[in-house]
Amino acid sequence: QVQLVESGGGLVQPGGSLRLSCAASGSIVSINTMGWYRQAPGKQRELVATITRGGSTNYADSVKGRFTISRDNAKNTVALQMNSLIPEDTAVYYCNADIYIPSLHLRNYWGQGTQVTVSS
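Worth saying up front: this structure is predicted, and the values here are computed from it rather than measured.

**Q** I'm lost on the state of the cysteines in this one. Help?
**A** Throughout this description, disulfide means a covalent bond between two cysteine sulfur atoms. A complete count under the given rule lists one disulfide for this structure. A sulfur-sulfur distance of 2.1 Å marks the disulfide that ties cysteine 22 to cysteine 95. An S-S torsion of about -80 degrees defines the bridge between cysteine 22 and cysteine 95 as left-handed. Of this pair, cysteine 22 sits in strand β3 (residues 18-26) while cysteine 95 sits in strand β9 (residues 91-100), and the two are 73 residues apart along the sequence. We classify cysteine 22 as buried; its relative accessible area is 1%.

**Q** Please explain the side chain of asparagine 96 as it appears in this structure.
**A** With respect to the helices and strands, the residue asparagine 96 is situated in strand β9. A polar side-chain atom of asparagine 96 sits 2.8 Å from a polar atom in the side chain of asparagine 108.

**Q** When you look at the sheet that holds strand β7 (residues 67-72) in this model, what are you seeing that I'm missing?
**A** Whether parallel or antiparallel, the strands of a sheet pair through hydrogen bonds between backbone atoms. Pairing is antiparallel across the open sheet formed by four strands, whose spatial order is β1-β3-β8-β7. Every other strand in the sheet has two partners, leaving β1 (2-7) and β7 as the edge strands with one partner each. For this sheet, the mean inter-axis angle between neighbouring strands, taken without regard to orientation, is 15 degrees. Pairing between β7 and strand β8 (residues 77-82): six bridges, direction antiparallel. Bridge pairing links phenylalanine 67 to methionine 82 in β8.

**Q** Which parts of the structure should I look at to understand the pattern of salt bridges?
**A** It is possible for side chains of opposite charge to pair when their charged atoms get near one another. By the definition in use, this model includes four salt bridges. Across the salt bridge formed by arginine 38 and glutamate 46, the nearest N and O atoms sit 2.7 Å from each other. By relative accessible area, arginine 38 is classed as buried at 5%. With a relative accessible area of 36%, glutamate 46 lands in the partly exposed category. Aspartate 89 is paired through a salt bridge with arginine 66; the nearest N and O atoms lie 2.7 Å apart. Taken as a pair, aspartate 89 in the loop between β8 and β9 and arginine 66 in the loop between β6 (57-59) and β7 lie far apart in primary sequence, 23 residues in all. Considered together, aspartate 89 and arginine 66 belong to a single accessibility category, that of buried residues. It is possible to trace a salt-bridge network through shared partners that takes in Arg38, Glu46, Arg66 and Asp89.

Reading guide: rules and limits
Residues numbered from 1 in each chain as written. Predicted model: local features only at pLDDT ≥ 70, side-chain atom pairs only at ≥ 80, totals over all residues. Heavy atoms only, no water. Disulfide = S-S within 2.5 Å. Helix = DSSP H or I, 4+ residues; strand = E, 2+ residues; numbered from the N terminus. Buried < 20%, exposed > 50% of the residue type's maximum accessible area, 1.4 Å probe, protein only. Polar contact = N/O pair within 3.5 Å; in protein donor to acceptor, adjacent residues only side chain to side chain. Pairing = 2+ DSSP bridges. Axes fitted to C-alpha atoms, helices over the stretch in contact; angles between N-to-C directions. Salt bridge = Lys/Arg side-chain N within 4 Å of Asp/Glu carboxyl O.

In structure tokens form, the structure reads like this:
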């Protein structure tokens, strides 16, 4: 059984910052790519940022230069530092990970989501 648990969401004013964290736990052999996605009301879920086990990153154009993704392989965690937040960043943010489980199958997992609201 594998779980991804996010934390760090909340309400912030435009121009402010938030840091999201996600911890993977359970029967984990290793974790490949980890990432963050978001879904705003009435919109499809979209990629925000991903990071490989080796540290290569990929960002949506809309967040480049404002958001930074990082991970700690020893702790099975991934974080998203969000700066210069704008109202358009308001969404539920989901953690995602490709995880090798003891059967050596690679499976994709999602967290439960954390709400980020950017408003004055």
